[in-house]
Amino acid sequence: QVQFAESGGGLVQPGGSLRLSCAASGFTLDHYSIGWFRQAPGKDREGVSCISAGGSTYYVDSVKGRFTISRDNAKNTVYLQMNSLKPEDTAVYYCAQHLGLYCSGYRSPSRFTYWGQGTQVTVSS
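Computed from a predicted model, the values in this text were never measured in an experiment. As a convention, each chain's residues are numbered from 1 in the sequence order in which they are written. Local features are withheld for residues below a pLDDT of 70 in this predicted model, meaning they are given only at 70 or higher, and side-chain atom pairs are given and counted only at 80 or more; totals for whole chains, interfaces and linings count all residues. Calculated side-chain values reflect all of the structure's heavy atoms, with hydrogen atoms and water omitted.

1. Overview of the pairing of strand β9 (residues 91-98)
Thinking step 1. Judged by how many residues are buried, β9 sits mostly within the fold: seven of eight residues are covered.
Thinking step 2. As judged from the six bridges shared by strand β4 (residues 34-39) and β9, these two strands associate in the antiparallel manner. Across the sheet, residue Q39 finds its bridge partner in β9, namely V92.
Thinking step 3. For two strands to pair, DSSP has to find at least two bridges joining them. Numbering of helices and strands starts at the N terminus; helices are DSSP runs of H or I of at least 4 residues and strands are runs of E of at least 2. Bridge analysis of β9 against strand β10 (residues 112-113) gives two bridges, and the strand direction is antiparallel. Bridge pairing links H98 to F112 in β10. Relative accessibility decides the category of a residue: with a 1.4 Å probe and only protein chains considered, values under 20% of the type maximum give buried, values over 50% give exposed, and everything between is partly exposed.

Okay, structure coming up:
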């Protein structure tokens, strides 16, 4: 049984910070690249960031410099530190396992599997 569990979301004011956690069960995530995605109301799910099994990190331009992805293989967990949050960051955030090598195509949900249940992030004053 392979599962992800996202946590750490909540309501935060613009400029605030949150740290999201993606805890894996049923497999050891250090063999895989893991991506973070988000889905805002009325919009498609979009890739945000990815970390490869070797620790290389990737970010879309809209979050670069504000978000940091990391992994703690001993805890079987991937994190997304989100700073300087903006209202446009409001979405349900998901993590998932990459189907192939590295983080190739990390912006595309079709390249990933084993989605978690998501955690809501709301940025509002």
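Next comes the rest of the write-up.
2. So, the state of the cysteines
Thinking step 1. A pair of cysteine sulfur atoms is labelled a disulfide when the two atoms are within 2.5 Å. Under the counting rule described, the total for this entry stands at two disulfides.
Thinking step 2. In this model C22 forms its disulfide with C95; the gap between the sulfur atoms is 2.0 Å. Between C22 and C95 the sulfur-sulfur dihedral comes to about 80°; the bridge is accordingly right-handed. Here the residue C22 occupies a position in strand β3 (residues 18-25), and C95 occupies one in strand β9, the gap between them amounting to 73 residues. By the burial criterion, C22 is buried, and C95 matches it.
Thinking step 3. Here C50 connects covalently by a disulfide to C103, the sulfurs 2.1 Å from one another. Between C50 and C103, the S-S torsion sits near -80°, and that sign places the bridge as left-handed.

3. Quick word on the environment of G100
Thinking step 1. Mapped onto the secondary structure, G100 falls in the loop between β9 and β10.
Thinking step 2. Along the sequence, G100 and F37 sit 63 residues apart, while their C-alpha atoms lie 17 Å from each other.

4. Digging into the pairing of β3
Thinking step 1. Strand direction decides the pairing type here: strand β1 (residues 3-7) and β3, joined by five bridges, are antiparallel. Across the sheet, the residue bridging to S7 is S21, located in β3.
Thinking step 2. Sheet analysis places β3 next to strand β8 (residues 77-82), joined by six bridges and oriented antiparallel. When the bridges of β8 are listed, S21 appears paired with Y79.

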